[in-house]
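A closer look at the structure
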Amino acid sequence: MKGRSSLVVGNWKMNGSLALAENWAKEFAALWRQAAPAAEAGLCVPSVFLDRLVRSLRAEGLEAVEPGAEDVSVREGSGAFTGEVSASMLRDAGARLCIVGHSERRTLFGESNASVVLKVKALAAQGIRPIVCVGETREEREAGRTSEVILAQVRAVLGGCGIESLAGGAFAYEPLWAIGSGAAASLEQIEPVHAAIRAALCEADAGASEKVRVLYGGSVKPANAAAILALPHVDGALVGGASLKAESFYGICACG
Ligand code: PEP
């Protein structure tokens, strides 16, 4: 998808507050008014903060920043599913993006490729763009299994929900060993995985490259973003820790 601007999406994880959502929008807007960043920007927050984020972005005239959620229920519609938040509820609250299958959900909360497929379908039905995370553990990389693991995850999602459900969304390649470590994967490690994901997309649909971005995630910060975003097959970034500070996140978006 190179040729279009990058997409940089923040992921607050289980961090933040209503006050941070409001202040973040104010601070990001002040920077944006000095110079609109090169990249398209999105910010995924805990769903209880979504409405405040949406209102705060709107109040600052920052409609271009896409608000998003970090997870969604596999269940569509409504019903007796205590604690679940459906895609239609997220849309009602203003979500335009949603992270699916983050490695923290896969390893800590039993997320599977099958549930990722159901979630992507539920989001597509509501017009919310999915950001589907895939990634290998350090052990898998050291065993030379990176491509096998990543392509199995990508193909399971592509085969299960089809390219149209993913259209406008992205796969995010996030090596588990790089997330939150402070040290991103090297450019030499990132590029071949992104090329392989893009090849799998094209295998599924010749036009897929135009429809689905491939983002990199794992310790992206202002200091390393320019080099990562310049890689031929990298269409943007998924940013955890550095997205909590509007200034750092803006610094990454400015590299897009
Ligand atoms: C993430 O959680 O998706 C992530 C990439 O985190 P960090 O940027 O903090 O490594």
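About the criteria used
Residues numbered from 1 in each chain as written. Predicted model: local features only at pLDDT ≥ 70, side-chain atom pairs only at ≥ 80, totals over all residues. Axes fitted to C-alpha atoms, helices over the stretch in contact; angles between N-to-C directions. Helix = DSSP H or I, 4+ residues; strand = E, 2+ residues; numbered from the N terminus. Parallel < 35°, antiparallel > 145°, perpendicular 65-115°, else oblique. Left-handed = near helix turned anticlockwise from the far one by under 90°. Contact = placed C-beta atoms within 7 Å. Nonpolar A, V, L, I, M, F, W, Y, C, P; charged D, E, K, R; others polar. Expected span 1.5 Å × (residues − 1). Buried ≥ 20, exposed ≤ 12 C-beta atoms within 10 Å, placed from the backbone. Core = buried A, V, L, I, M, F, W, Y, C linked by C-beta atoms within 7 Å. Near = placed C-beta within 6 Å. UniProt positions renumbered as here; feature names shortened; annotations may be inferred.

Further remarks concern the packing of helix H1 (residues 18-34) against helix H2 (residues 47-59). Look at H1 against H2: their axes get within 8 Å of each other, and the N-to-C directions meet at 25°. Viewed along their axes, H1 and H2 adopt a mutual orientation that is roughly parallel. Relative to H2, the crossing made by H1 is right-handed. Residues Leu 18, Ala 21, Glu 22 and Ala 25 of H1 pack against Phe 49, Arg 52, Leu 53, Ser 56 and Leu 57 of H2. Per-class residue counts for the contact of H1 with H2 are 6 nonpolar, 1 polar and 2 charged.

The terminal C-alpha atoms of helix H5 (residues 113-125) lie 19 Å apart, and with 13 residues this matches the ideal 18 Å at 1.5 Å per residue to within 8%. Val 116, Val 117, Lys 119, Val 120, Ala 122, Leu 123 and Ala 124 are the residues of H5 that are buried. Within two residues after H5, Gly 127 carries a phi angle of roughly 70°, on the positive side.

This next bit is on the nonpolar core. Core analysis: the biggest nonpolar cluster contains 78 residues, and Cys 98, Val 120, Ile 131, Val 132, Phe 171, Leu 215 and Ala 237 have the highest contact counts within it. If we skip the residues at most four places from it in the chain, Phe 171 touches Val 132, Val 134, Val 154, Ile 197, Val 212 and Val 214.

Now for the site of the ligand. In the region of the ligand, 14 residues are neighbours, and Ile 179, Gly 217, Ser 219, Gly 240 and Gly 241 sit closest. Residues of the shell around the ligand, tallied by class, amount to 5 nonpolar, 7 polar and 2 charged.

The subject of this paragraph is the UniProt feature "active site" (unreviewed entry) in the chain. Residues given the UniProt feature "active site" (unreviewed entry) here are His 102 and Glu 174. Despite a sequence span of 73 residues, these residues sit close together in the fold, their greatest C-alpha distance being 8.5 Å. Tracing the sequence through the fold places His 102 in the loop between strand S4 (97-100) and helix H4 (103-108). Note on His 102: 27 C-beta atoms within 10 Å, which makes it buried. Its location among the elements puts Glu 174 in the loop between strand S6 (170-173) and helix H8 (187-204). Contacts of Glu 174, omitting those with residues within four sequence positions, involve Ser 103, Cys 133, Gly 135, Ile 179, Gly 217, Gly 218 and Leu 238.

Phi is positive for Lys 13, close to 55°, though the residue is something other than glycine. By secondary structure assignment, the location of Lys 13 is in the loop between strand S1 (7-11) and H1. You can call Lys 13 partly exposed: it has 19 C-beta atoms within 10 Å.

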